[in-house]
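# Coordinates in review
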Amino acid sequence: MFTGIVEEVGTVAVCGEYGLTMSASGVMEDLKLGDSIAVNGTCLTVVELKGGQFRVDLAPETLRRTSLGELSVGSVANLERPLAAGDRLGGHIVQGHVDATGRLMSIRPEGDCYIFRVRVPKRLMPYVVEKGFIAVDGISLTVVKRGAASFTISVIPYTFSHTNLKDKAVGSRVNLEVDILAKYVESLMLTQAGTI
């Protein structure tokens, strides 16, 4: 489990068809083989460690469901180690199980912040609520406004400068994970109604 509080922005050192090698520093401190790590909000398993780099494998399902297949050597990615028992839950409960990708429709300044509008697959819109949580490329963010097929987020200067959002442009794809609690509530309601 993760919290959506990005620890570091790493850089892709090697990019293969079914794997990535990331260069990083802070997350490497206690990283071990077999550990989970979130790369742009995608929970992956560390399969190799060498110097200041770690390698993860990418399953075909991961490539279908996320934007990780678009990364290339030199690309940057948000990194987060899993939550340790007893740690503060600074963001929200993030599993690292990406639901789908969205696309950035616009980025505009507002005061010292930036407003990002993200287009979302319609099937995810029931889980998007104003002032609710959403993970965008693994970043725990609050929905400012919900549209018919999009939402906006307000990104403060610290988050903008300490994540990959500063490198995004209109049209970029981002990984989305909606709130797991909403999905469980829906499943329980549908089960009680006898529809699943």
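A short tour of the structure in this document, coming up. (Residues numbered from 1 in each chain as written. Predicted model: local features only at pLDDT ≥ 70, side-chain atom pairs only at ≥ 80, totals over all residues. Heavy atoms only, no water.)

## Some remarks on the nonpolar core
- Counting residues in each nonpolar core, the largest one holds 23 residues, and the members touching the most others are Phe116, Ile134, Val136, Phe151, Ile153 and Leu176.
- Put simply, the parts of the chain that give this core at least two residues each are β7 (100-110), β8 (113-119), β9 (133-136), β10 (139-146), β11 (150-155) and β12 (173-178).
- One finds Val46, Leu58, Leu68 and Leu71 within the second-largest nonpolar core, a separate group that totals 18 residues. (Core = buried A, V, L, I, M, F, W, Y, C linked by side-chain atoms within 4.5 Å. Buried < 20%, exposed > 50% of the residue type's maximum accessible area, 1.4 Å probe, protein only. Helix = DSSP H or I, 4+ residues; strand = E, 2+ residues; numbered from the N terminus.)

## Some thoughts on helix α3 (residues 180-192)
- Compared with the 18 Å implied by 1.5 Å per residue over 13 residues, the 18 Å span of α3 between its first and last C-alpha is a close match.
- Two or three places before leucine 181, at the opening of α3, aspartate 179 has a side-chain oxygen 3.2 Å from that residue's backbone nitrogen.
- Of the residues trailing α3, glycine 194 is marked for its positive phi of about 80°. (Expected span 1.5 Å × (residues − 1). Polar contact = N/O pair within 3.5 Å; in protein donor to acceptor, adjacent residues only side chain to side chain.)

## Some points on the pairing of β7
- As defined by bridge partners, β7 adjoins β12 across four bridges and the pair is classed as antiparallel. In the sheet register, threonine 101 faces β12, and the bridge partner there is asparagine 175.
- As judged from the seven bridges shared by β7 and β8, these two strands associate in the antiparallel manner. Considered in β8, the bridge of arginine 103 is made with arginine 119.
- The loop that links β7 with its antiparallel partner β8 comprises two residues; one of these, glycine 111, has a positive phi angle of about 65°. (Pairing = 2+ DSSP bridges.)

## Re unusual backbone geometry
- In this model, asparagine 40 sits at a positive phi of 50°, which is unusual for a non-glycine residue.
- Within the secondary structure, asparagine 40 sits in the loop between β3 (36-39) and β4 (42-50).
- Of the residues examined, asparagine 40 reaches a relative accessible area of 2% and is grouped as buried.
- Even without being a glycine, aspartate 137 presents a positive backbone phi close to 50°.
- Considering the arrangement of structural elements, one finds aspartate 137 in the loop between β9 and β10.
- Looking at aspartate 137, the relative accessible area reads 0%, which means it is buried.

## Description of the sheet that holds strand β6 (residues 76-80)
- Taken in spatial order, the six strands close into a barrel running β1-β2-β5-β4-β3-β6, and their pairing is antiparallel. Strand after strand, the sheet turns through a mean of 45° between neighbouring axes, direction not considered.
- As paired strands, β3 and β6 are joined by two bridges and run antiparallel to one another. The residue bridging valine 39 from the neighbouring strand is leucine 79, located in β6. (Axes fitted to C-alpha atoms, helices over the stretch in contact; angles between N-to-C directions.)

## Side note on the side chain of lysine 168
- Among the structural elements, lysine 168 can be located in the loop between α2 (157-161) and β12.
- According to the relative accessible area criterion, lysine 168 is buried, its value standing at 19%.
- Among the polar contacts made by the side chain of lysine 168, one reaches the side chain of aspartate 137 at a distance of 3.1 Å.
- Once residues lying within four places of it in the same chain are set aside, the contact partners of lysine 168 are Leu104, Ile107, Asp137, Arg173 and Val174. (Contact = heavy atoms within 4.5 Å.)

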